[in-house]
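# A look at the structure
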Amino acid sequence: MDTEPIVLDGFLEEGTVPGDLHGSTARFRLTVSPTDERTDEMTLPCSVTDPALALAVIHDLAPGDKLRVTGHLRLPRTPDEPMWLAVSTLAVLETGPILTDTTALITAVLERYGQYVCWLDADAPDVEVYTDAGTWVGTAPEPNAISELLDAFEQRQAAGGD
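Reference entry: report on the structure contained in this document. (Residues numbered from 1 in each chain as written. Predicted model: local features only at pLDDT ≥ 70, side-chain atom pairs only at ≥ 80, totals over all residues. Heavy atoms only, no water.)

### Remarks on the sheet that holds strand β10 (residues 136–140)
If you trace the four strands from one edge of the open sheet to the other, you get β7-β8-β9-β10, paired in antiparallel fashion. In this open sheet, the two edge strands, each paired with only one partner strand, are β7 (108–113) and β10. Within the sheet, the average angular offset between the axes of one strand and its neighbour, ignoring direction, is 20°. Inspection of the sheet shows β7 paired to strand β8 (residues 116–121) by six bridges, in the antiparallel sense. The residue bridging E111 from the neighbouring strand is C118, located in β8. Contacting β7, β8, β9 (127–131) and β10, helix α3 (residues 146–158) runs over the sheet at an angle of about 145° to β10. (Pairing = 2+ DSSP bridges. Helix = DSSP H or I, 4+ residues; strand = E, 2+ residues; numbered from the N terminus. Axes fitted to C-alpha atoms, helices over the stretch in contact; angles between N-to-C directions. Contact = heavy atoms within 4.5 Å.)

As structure tokens, then:
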């Protein structure tokens, strides 16, 4: 039975890994968020068996990249088998931010909330929030206040304001 491939857009949240000792296959996890609801997000394991594509996945992709993958979903046949996407094509839609301050990498993290990206730094209580297009939303005084900041931003956008 020949099935149609599926196409998914998502973000590479962590680095890729070789699938074998020779680097002729690769594996990665894609975070897919079809809506702005965090409960709709899914992390999907992906595998690449084409050697040329695997080499590109291992060496060219970085966490934060927005990807479009095409492939076939492999469902488990037994309870101990994983589900994964066998990727046949891959395109980088947007590259992730390049962080040059290596000391900030140790204490900071990018967190995604649907179409929003938050910069959380363990050394500071405030949280910088941007849209995934790079538009600055604002600064939340603490992580618990992010939802209030996003609500206020969306109300301003709906009213046609800045």
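### Side note on the side chain of T131
Position of T131 relative to the elements: it lies in strand β9. Once residues within four sequence positions are removed from consideration, T131 is found in contact with Q115, Y116, V137 and F153.

### Considerations on a nonpolar patch on the surface
Nonpolar side chains collect at one region of the surface, where I6, M42, L73, L75 and M83 lie side by side and expose about 390 Å² of accessible area between them. Take L75: it is sitting in the loop between β5 (66–74) and β6 (84–94). (Patch = residues over 30% accessible without salt bridge, like charges linked within 9 Å, V, L, I, M, F, W, Y side chains within 5 Å. Areas by Shrake-Rupley, 256 points an atom, 1.4 Å probe, with all protein chains shown as cover. Salt bridge = Lys/Arg side-chain N within 4 Å of Asp/Glu carboxyl O.)

### A look at the pairing of β8
Here β7 folds back onto β8, and the loop between the two strands holds two residues, one of which, G114, carries a positive phi near 60°. Across five bridges, β8 lies against β9 in antiparallel orientation. Bridge pairing in β9 links C118 to V129. Adjacent in sequence and paired antiparallel, β8 and β9 are bridged by five residues.

### Let's talk about the nonpolar core
F28, V48, V69 and V87 are the most contacted members of the largest nonpolar core, which has 17 residues in total. Elements represented by at least two residues in this core include exactly β1 (6–12), β3 (26–32), β4 (42–48), α1 (51–60), β5 and β6. At four residues, the largest contribution of residues to this core is made by β3. Setting aside residues up to four positions removed in sequence, V69 forms contacts with I6, V7, L8, F28, L30, L85, V87, T89 and L90. Counting twelve residues, the second largest nonpolar core, distinct from the first, contains V127, V129, A140 and I146. (Core = buried A, V, L, I, M, F, W, Y, C linked by side-chain atoms within 4.5 Å. Buried < 20%, exposed > 50% of the residue type's maximum accessible area, 1.4 Å probe, protein only.)

### Quick look at the pattern of salt bridges
Scanning the model with the defined rule gives two salt bridges in all. With a closest N to O distance of 2.7 Å, R68 and D9 form a salt bridge. A residue pair is termed long-range when its members are at least 10 positions apart, and R68 in strand β5 and D9 in strand β1 qualify at 59 residues. The salt bridge involving R29 is made with E14; its shortest N-O contact spans 2.8 Å. Highlighted residues: R29 in strand β3 and E14 in the loop between β1 and β2 (17–18), separated in sequence by 15 residues.

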